[in-house]
Amino acid sequence: MANVVTSSASSAGHWLRPDIVRQLIWYLLIVVLVFWCITAPSRDANLSLYFSFMMWITLASSLNFIAGFAGYMPFGFVAFYGLGAYGTGIAVKVLGLPIWLGVPCGAALGVAFALLVAPSLRLAGIYFAIVSLSLAIICQRVVALLPEWLTGGSLGINLGVVADREHGYYAMVLVLVGVLVTASWLARSRLGKALKAIRDDVEAADAMGIDVARSRLKAWLLAALFASLVGGVDAWFTGAFDTQTAFDVLVTAKTVIYAMAGGLGTALGPVVGAGVLVWVDDQIWRAFPVLNNFLLGLLIVVLILFAPRGIVGSLMQRFPRLRRYVM
Amino acid sequence: MSDTVLEVQALTKRFGGLVAVDGVSLEVRKGQIVGLIGINGAGKTTLMNCVNGIYRSDDGQVRLNNADITRKTPHEIALAGVGRTFQVPRTFRRMDLIDNLMVPLLHTDASDADLTARAEDGLRQVGLYELRHNHGEELSGGQQKLLELARVIMLDPELILLDEPFAGVNPSLCRIMLQQIEKLRDASKSFLLVSHDLTSIYRLSDHLYVLNQGEIIAEGLVEDVQNDPVVIEAYLGN
């Protein structure tokens, strides 16, 4: 028999209801996080580090929509990031659009690709993961083979004066807010519950009236949208990219590791995972530049061994009452 | 007007060269509990999977309230009025019990507060309310069976397919389950019940079908089927 997870709802006042406390904590976290990031330029902070921090939180959170909520692990997730960057670059360099319009064009390209390959969601588990990885590799090859006037060939695209670190930085703050608000909505919504049911047992969810195909497609498109936006905004911030950097499999690997380290399936997990690991990575790099990757790898192995459900997931498993306060 | 809720006509399902269900026909009427028995591998679960759309049948037809549902998807069949439980309980293991019971209600227009209230009420009915904040994976096997039954009740289907509902369930939980089934029958719900627990199935069933190697070998009232020499031979051999 199961140990009862107790509730304090009956004794608590109305405003202290766990669901309200949970939302308050979450929105407070968003406000603090955004304030901290938005004031970084005025504090002469390391913009690249802050940008990287926001970028990985956004990527890990968007991966969480499809992997954490719906249970589909896309090993080719980088395809959306890469297409977002190239879509933005082409819109700016070839079509002559302003960069703030180029980024949505890049996002549209990523979402269109997600729609095109959506039938791969009929597969599950490792089969889906491998097909997704293959699609990303195909995507990289196709972009590399496109005419030089379009994608810049082996030199990639250089946005030149259009690239703007400061505006790119603030654009990333906006994308971060978007992904966090979407994550909190998804965690509370009926779609989120349907996705979790699909993750836990797709046939049982189907037999309980959940439209599996439609629900997972929504999660897939949401994940693609934010990953493509990140690709476009990163292009805005850095100004130059090629097929090697835009479709680097390490982008997927880091996104997966950060999301898993925090804990898939909650809105909070990927924020904690990406936040902690980006910070730890920076600290290790400052202290032990030669051993940076070795020590970070070691930390990840230890984390996965001792907290297989991630930091947030394992805490919720160890202290079940926390579940009611974690978004 | 016919009171037939489910009508299966000459249903066949093959897996390669193996004919798992071979031209099976049966019907379930309103408020009736129809039992389906047979030895392991007889094709009982495969038949259920064909009825609720998990498997596409190769031949034959499934009709619900005279409407053809043979080619519909499981979620369409569920929303048309067919709920089911599984032989091995399949709860949503990382969702709490309230969310587990809310899943079948997600398509409705009811408010979230109403869904929560209905889910809590459903848990009370099967004695799992105290565990409402636990995850599905934290329940015992018997409790998971009860949770599945409560979940299917939430769907409010006309026809409920129960696959081995009493397997691995202790007597006190079994009693709760039997009470719920009888209560639902009194509310004119219909059942297709698969079980190895012959005592329970004989007690509950209004009509019985016996499946052997994918074919119906006997049907009728419980007392007729119990004494049928073909059935005795299928179960006990010569």
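Residues numbered from 1 in each chain as written. Chains lettered and ligands numbered in written order. Predicted model: local features only at pLDDT ≥ 70, side-chain atom pairs only at ≥ 80, totals over all residues. Heavy atoms only, no water.

Visitor: Could you give me a rundown of the interface of chain A and chain B, with the residues and numbers involved?
Guide: Counting from both sides, the interface comprises 28 residues of chain A and, opposite them, 40 residues of chain B. At the boundary of chain A with chain B, total buried surface from both sides reaches about 3000 Å², with 55% on carbon and sulfur atoms. Contact with chain B buries area across many residues of chain A, yet Arg190(A), Lys193(A) and Met208(A) alone supply 25% of it, more than any other trio. Here chain A and chain B share six salt bridges between them. At the junction of chain A and chain B, the tally comes to 13 residue pairs in polar contact (both at pLDDT 80 or more). (Contact = heavy atoms within 4.5 Å. Buried area = accessible area lost by both parts, 1.4 Å probe. Salt bridge = Lys/Arg side-chain N within 4 Å of Asp/Glu carboxyl O. Polar contact = N/O pair within 3.5 Å; in protein donor to acceptor, adjacent residues only side chain to side chain.)

Visitor: Would you mind going over the sheet that holds strand 2 (residues 18–29) of chain B in detail, with residue names and values included?
Guide: All names here are of chain B. What the four strands build is an open sheet, ordered 2-1-4-5; its pairing is antiparallel. Strands at the two margins of the open sheet, each flanked by one partner only, are strand 2 and strand 5 (67–68). In the sheet, strand 4 (residues 59–64) pairs with strand 5 via two bridges, with the strands oriented antiparallel. From the neighbouring strand, leucine 64 faces strand 5, where its bridge partner is alanine 67. Packing of helix 1 (residues 44–51) onto the sheet brings it into contact with strand 1 (4–15), strand 2 and strand 4, and relative to strand 1 it is tilted by some 115°. (Pairing = 2+ DSSP bridges. Helix = DSSP H or I, 4+ residues; strand = E, 2+ residues; numbered from the N terminus. Axes fitted to C-alpha atoms, helices over the stretch in contact; angles between N-to-C directions.)

Visitor: Got a sec to walk through a nonpolar patch on the surface? Specific residues and values, please.
Guide: On the surface, a cluster of nonpolar side chains totalling about 990 Å² of accessible area is made up of Phe288(A), Val290(A), Leu291(A), Phe294(A), Leu298(A), Val301(A), Val302(A), Leu305(A) and Phe306(A). Note that Val290(A) resides in the loop between helix 13 (268–287) and helix 14 (292–306). (Patch = residues over 30% accessible without salt bridge, like charges linked within 9 Å, V, L, I, M, F, W, Y side chains within 5 Å. Areas by Shrake-Rupley, 256 points an atom, 1.4 Å probe, with all protein chains shown as cover.)

Visitor: Which residues make up the packing of helix 4 (residues 112–125) of chain B against helix 5 (residues 141–154) of chain B, and what values go with them?
Guide: For any two helices packed against each other, one specifies the crossing angle of their axes together with the interaxial distance. Residue and element names in this part refer to chain B. One way to put it is that helix 4 packs onto helix 5 with a least axis distance of 9 Å and a crossing angle of 135°. Considered as vectors, helix 4 and helix 5 are oriented oblique to each other. Here helix 4 runs over helix 5; the crossing is right-handed. Of helix 5, the residues touching helix 4 (which contributes Arg118, Ala119, Gly122 and Leu123) are Leu147, Ala150 and Met154. Looking at side-chain class alone, the contact of helix 4 with helix 5 contains five nonpolar, one polar and one charged residues. (Parallel < 35°, antiparallel > 145°, perpendicular 65-115°, else oblique. Left-handed = near helix turned anticlockwise from the far one by under 90°. Nonpolar A, V, L, I, M, F, W, Y, C, P; charged D, E, K, R; others polar.)

Visitor: Just give me the short version of empty space enclosed by the protein, but keep the residues and values in it.
Guide: On inspection of all chains with the given rule, the structure shows two cavities of 30 Å³ or more. Space inside the largest cavity adds up to approximately 60 Å³. Lining the largest cavity we find Pro74(A), Gly76(A), Phe77(A), Ala79(A), Phe80(A), Phe113(A), Val117(A), Ser120(A), Ser132(A), Leu135(A), Ala136(A) and Trp220(A). Elements supplying a minimum of two residues to the lining of the largest cavity: helix 3 (78–93) and helix 5 (125–145) of chain A. The element that contributes the greatest number of residues to the lining of the largest cavity is helix 5 of chain A, accounting for three residues. Residues that form the lining of the largest cavity fall into these classes: nine nonpolar, three polar and no charged. Lining the second largest cavity are Thr85(B), Lys145(B), Glu148(B), Leu149(B), Leu162(B), Pro165(B) and Met177(B). Among the elements that make up the lining of the second largest cavity, the one with the highest residue count is helix 5 of chain B (three residues). Residue composition of the lining of the second largest cavity, grouped by class: four nonpolar, one polar and two charged. (1 Å grid on protein atoms, 1.4 Å probe; cavity = no way out; pocket = protein on both sides within 12 Å on 5 of 7 lines; lining within 4 Å. Points joined across faces, edges and corners; volume = space filled by probe spheres on them.)

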